[in-house]
Amino acid sequence: MSQLSERPEKSVVGVPLPHESAVLHVTGTALYTDDLVFRTKDVLHAHPVQVMKAHGRITAIRTEAALEVPGVVRVLTGADVPGVNDAGMKHDEPLFPDEVMFHGHAVAWVLGETLEAARLGAAAVEVDLAELPSLITLQDAITAESFHGARPVMLSGDIETGFADSAHVFTGTFQFSDQEHFYLETHCALAHIDESGQVFVQSSSQHPSETQEIVAHVLGLHSHEVTVQCLRMGGGFGGKEMQPHGFAAVAALGARLTGRPVRLRLNRTQDLTMSGKRHGFHAAWRIGFDAEGRIQALDATLTADGGWSLDLSEPVLARALCHIDNTYWIPNARIAGRIAKTNKVSNTAFRGFGGPQGMLVIEDILGRCAPQLGLEARELRERNFYQKGQYTPYGQPVTQPERISTVWEQVKRNAAVVDRDREIAAFNAAHSHTKRALAITGIKFGISFNLTAFNQGGALVLIYKDGSVLINHGGTEMGQGLHTKMMQVAATALGIPLHKVRLAPTRTDKVPNTSATAASSGADLNGGAVKNACEQLRDRLVQVAATQLGVNARDVRITEGVARALGTERELPWDDVVRTAYFQRVQLSAAGYYRTEGLHWDAKAFRGAPFKYFAHGAAATEVEVDGFTGAYRIRRVDIVHDVGDSLSPMIDIGQVEGGFVQGAGWLTLEDLRWNTDDGPQRGRLLTQAASTYKLPSFSEMPEEFNVTLLENAPEEGAVYGSKAVGEPPLMLAFSVREALRQAAAAFGPGATSVELASPATPEAVYWAIQSARQGGAHAYRDEPDAPVVASAIRVGTEALSGA
């Protein structure tokens, strides 16, 4: 094992512990950004001036009436911005726009003594608009050829030879929905200015360093004049990676102009209508199989719904392309990607960051093609698993292909699949109006940011004279347990009990230039940095202890808060060693740093090794479907997931469970709807609350839910042998959707191919059942030399020729 992955004896990592703030959460004493308002004097409240049209050019804004509303202090407009009027990193998101780009776009902000005063003031602002045509649906944008950003193409092998060698060729299209983050805490920021003009912003942000950067450039300041702190978030899921910056900048601008603290918190409807979602996608594809059902070639175009600005759409699309293979060897591939520009909120990061969208495409293809090939879907998947020595379509070797089959076979054993297959067959034979099905799907998810520069982390660790330890790192806590893991890493690296370690809030003036807590990299990057800082300190303290014990430093070990000399009974308590070090003028603080080695990526050629390793997992899901209504229930879920050598097993199991349920929500329940008619409400989000946007709840939980972490599976290249866990489990929920497909097909004749919408709501399942009863889908072309007919595919081909 490497120094990074090797664990000392009696480690604190690997011990199942509750979340470090669990008691604070359940007692209501945990502080979030908005809780700080009540501890701050003379706070002003910000409220947006929203224009309820999908698209139009602003011809006038009149604020006089707002200023006459009692309690209104100021109206912020673009004229007030001293720096750059932009809230994004691509400079395509004006903070105060002169063109309305989506229904509910905020064009100004009102500051009031109370939130109600600010709301009434916002209602009094008059905005004149010259309406312009709008594109609401993804299909609208494709038809209008409305695209923005990069249009990457991933090539592997010889696509034409692959199709020529295929015994079976199928074509199809697939469009699937976006998803709302619906974190418990909405977007929120609190800004104030100190006596020297320094800007301090409390922000519910997954990327405080970028929030700092955006606030600075809006205010015309340098980054060292702005400090951003994140205590914790009430959920983020990617929705607070890019989108908090503009809100923080508005609060900071208001504080700078008025000299008073400014609080900005969106209510739920504002958050839903003003912030971006997971990207919905359209896929047009053509796939070839040999006579045994092994994939020979895949030609596809993926179109992401980017919304009105780019935000993170380009890297989301890139990750989607990098994950279209999932666990399957595709020797010949041509995958084109593009981003549709629509008049909707700017879509953004969401747990999995494009990976789920890419993987869903191949899983849908295999689920639809298996009956046409005369194979069980499970068998078709198994035949196409990666083997040793094979590479992804972008050229990265798959270094642990055996784990794909290991988790797959273990989940089959844990779920007693063979016996339950017989039981399900007997049940289906005896019930004509209710059917059951059991599906298994696996995942291979790349861990690291696609952009190599983001794969670095920092930490600052302080040891005080009494032996207590304070750690600062660049990651943010959104409920996922990162802080818990970092405390365990620090205690392990220093060799002290966990109670001696405390963690400070994430702040840009303690650890600079941090990456977002995203890409499931939080524990890898920050854990590596914390470990590095602690090892610097431990090495200094070992020297002090060696002198006191009269031995060579190589013979000193610090474990459980005691320094011991090997081969003797001499020992020193940790506190004594620290105190002695202080009097010997030994530095008791250290800045730690970590960079992920071995990564390289050529975005133009779309080739390289962007990921440090792959996380693997498999899930077996059994569902029962009602043939009259399409209603269903999840009877049982069994999961085996690869987290390497877990840093904190209880935290990791919670992440697996939560990720799976969130993925099941995206695939089966969460159905965002927009007004697409040509009336005055065109472009309005219709699902603006939990009453109309159905989220998974206890009633949707599996009746039996078994999660097992893969054992004896350390990861050589990560901190203490662990693997990332935040995003990969979400994609285990593909098994729910595939089980629903199989259950719907069971209502028809044998070998019925069923197309299933996503989300697979009861209504969608009902129509799939009706299709199965009528003999199934007929959208395939089973001809080796079939031309690619989908328009989206043609566009991808044109992109290759430079057209």
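Cut-offs used in this document
Residues numbered from 1 in each chain as written. Predicted model: local features only at pLDDT ≥ 70, side-chain atom pairs only at ≥ 80, totals over all residues. Heavy atoms only, no water. Pairing = 2+ DSSP bridges. Helix = DSSP H or I, 4+ residues; strand = E, 2+ residues; numbered from the N terminus. Axes fitted to C-alpha atoms, helices over the stretch in contact; angles between N-to-C directions. Phe/Tyr/Trp six-rings, centres within 6.5 Å; stacked < 30°, edge-to-face > 60°. Buried < 20%, exposed > 50% of the residue type's maximum accessible area, 1.4 Å probe, protein only. Lys NZ or Arg CZ within 6 Å of the ring centre and 35° of its normal. Contact = heavy atoms within 4.5 Å. Salt bridge = Lys/Arg side-chain N within 4 Å of Asp/Glu carboxyl O. Expected span 1.5 Å × (residues − 1). pLDDT = per-residue confidence, 0-100. Core = buried A, V, L, I, M, F, W, Y, C linked by side-chain atoms within 4.5 Å. Parallel < 35°, antiparallel > 145°, perpendicular 65-115°, else oblique. Left-handed = near helix turned anticlockwise from the far one by under 90°.

Asker: Any details on the sheet that holds strand 13 (residues 281–289)? Residues and values, ideally.
Answerer: Strands sit in the order 7-15-14-13-8 across an open sheet of five strands; the sheet is mixed. Looking at the sheet topology across the chains shown, the edges are occupied by strand 7 (153–156) and strand 8 (168–176). Across the sheet, the mean angle from the axis of one strand to that of its neighbour is 10°, orientation sign disregarded. Sheet topology places strand 8 next to strand 13; nine bridges connect them, and they run antiparallel. Across the sheet, His-168 pairs through a bridge with Phe-289, a residue of strand 13.

Asker: Provide a residue-level description of the packing of aromatic side chains, including the pertinent values.
Answerer: Summed over the entire model, instances satisfying the criterion amount to 18 aromatic pairs. Summarising the aromatic geometry, the rings of Tyr-394 and Phe-611 are spaced 6.0 Å apart at their centres and angled 85° between planes, so their arrangement reads as edge-to-face. Taken together, the residues span a long stretch of sequence, with Tyr-394 in the loop between helix 11 (377–383) and helix 12 (401–414) and Phe-611 in the loop between strand 26 (607–609) and strand 27 (613–626) at a distance of 217 residues. We note that Tyr-394, like Phe-611, is buried. Seen from their ring centres, Trp-601 and Phe-606 are 4.9 Å apart, and the 75° between their planes marks the pair as edge-to-face. Note on accessibility: Trp-601 and Phe-606 belong to one class, buried. Through a chain of ring-to-ring contacts, three or more aromatic side chains come together here, namely Tyr-394, Trp-601, Phe-606, Phe-611 and Phe-614. Taking NZ or CZ as reference, Arg-268 lies 4.6 Å from the ring centre of Phe-182, over its face. Between Arg-286 and the ring centre of Phe-163, over which it is positioned, the NZ or CZ distance is 4.0 Å.

Asker: Tell me about the environment of Gly-617, and please be specific about residues and values.
Answerer: Take Gly-617: it is sitting in strand 27. Between the C-alpha atom of Gly-617 and that of Trp-408, which follows or precedes it by 209 residues, the distance is 7.5 Å. Leave out the neighbours within four places in its chain, and Gly-617 touches Val-407, Thr-441, Gly-442, Ile-443, Val-640, His-641 and Leu-732.

Asker: Before we move on, could you go through the pattern of salt bridges and cite the residues and values that matter?
Answerer: As enumerated under the stated definition, the model contains 55 salt bridges in all. Glu-185 serves as the salt-bridge partner of Lys-240, at 3.2 Å between the closest nitrogen and oxygen. Taken as a pair, Lys-240 in the loop between strand 11 (226–230) and helix 7 (244–258) and Glu-185 in the loop between strand 8 and strand 9 (188–193) lie far apart in primary sequence, 55 residues in all. Using a relative accessible area of 0% as the deciding quantity, one classes Lys-240 as buried. Residue class for Glu-185 comes out buried when judged on its relative accessible area of 11%. The shortest N-O distance in the salt bridge between Arg-378 and Asp-421 comes to 2.8 Å.

Asker: Mind laying out the pairing of strand 24 (residues 589–595), listing which residues take part and the relevant values?
Answerer: Where burial is concerned, the two faces of strand 24 differ: the one with Ala-590, Gly-592 and Tyr-594 is buried and the one with Ser-589, Ala-591, Tyr-593 and Arg-595 is not. Looking at chain direction, strand 17 (residues 456–463) and strand 24 are connected through seven bridges and run antiparallel. Considered in strand 24, the bridge of Ala-459 is made with Gly-592.

Asker: Talk me through unusual backbone geometry; I want residue IDs and the actual numbers.
Answerer: For the bond from Ser-758 to Pro-759, the omega torsion is 10°, close enough to zero to count as cis. You will see that Phe-182, though not glycine, has its phi angle at about 45°, which is positive. By secondary structure assignment, the location of Phe-182 is in the loop between strand 8 and strand 9. Phe-182 gets classed as buried once you look at its relative accessible area, which sits at 16%.

Asker: Provide a residue-level description of helix 14 (residues 482–494), including the pertinent values.
Answerer: Working note: α-helix, 3.6 residues per turn, so residues spaced by three or four point in the same direction. For helix 14, which comprises 13 residues, the first-to-last C-alpha distance of 18 Å matches the rise-based estimate of 18 Å (1.5 Å per residue) to within 8%. Most of helix 14 is tucked away, with 13 of its 13 residues classed as buried. Trailing helix 14 by a residue or two, Gly-495 shows a phi angle of about 80°, which is positive.

Asker: I'd like a description of the pairing of strand 10 (residues 199–203), backed by residues and values.
Answerer: Buried residues dominate strand 10, accounting for five of its five residues. Here strand 10 shows two buried faces, one formed by Val-199, Val-201 and Ser-203 and the other by Phe-200 and Gln-202. Taken together, the five bridges between strand 9 and strand 10 define a ladder with antiparallel strand orientation. Paired with Ala-189 across the two strands is Ser-203, which belongs to strand 10.

Asker: Quick one: what's the story with the confidence of the model for the protein chain, residue by residue and with numbers?
Answerer: Looking at the protein chain as a whole, its pLDDT mean stands at 95, while 97% of the residues score no less than 70. Scored below 50 in pLDDT, residues 784–803 shows 38 contacts in the model against residues more than four places distant or in partner chains.

Asker: An account of the nonpolar core is needed here, citing residue identities and associated values.
Answerer: Nonpolar side chains tend to gather and get buried jointly when the protein is soluble and globular. Membership of the largest hydrophobic core comes to 107 residues, with the highest contact counts inside it found for Ile-287 and Phe-660. For this core, the element with the most residues is strand 27, which contributes eight residues. Within the second largest apolar cluster, 51 residues are counted, among which are Ile-471, Leu-541, Val-578 and Tyr-720.

Asker: Which residues make up the sheet that holds strand 24, and what values do they have?
Answerer: On the basis of which strands lie adjacent, the open sheet formed by four strands has the order 19-18-17-24 and mixed pairing. Whereas interior strands pair on both sides, the edge strands pair on one side only; in this sheet they are strand 19 (501–503) and strand 24. Averaged over neighbouring strand pairs, the angle between their axes works out to 25° when direction is ignored. Bridge count for strand 18 (residues 469–473) against strand 19 is three bridges, and the pairing is parallel. Bridged to Leu-470 within strand 19 is Arg-502.

Asker: Summarise the packing of helix 10 (residues 355–369) against helix 18 (residues 734–745); cite the residues concerned and give the values.
Answerer: At a closest axis distance of 11 Å, the pairing of helix 10 and helix 18 adopts a crossing angle of 25°. Taken together, helix 10 and helix 18 sit at an angle that is classed as roughly parallel. The two elements helix 10 and helix 18 cross, and the hand of that crossing is right-handed. On helix 18, the residues touching Pro-356, Met-359, Leu-360, Glu-363, Asp-364, Gly-367 and Arg-368 of helix 10 are Phe-734, Arg-737, Glu-738 and Arg-741.

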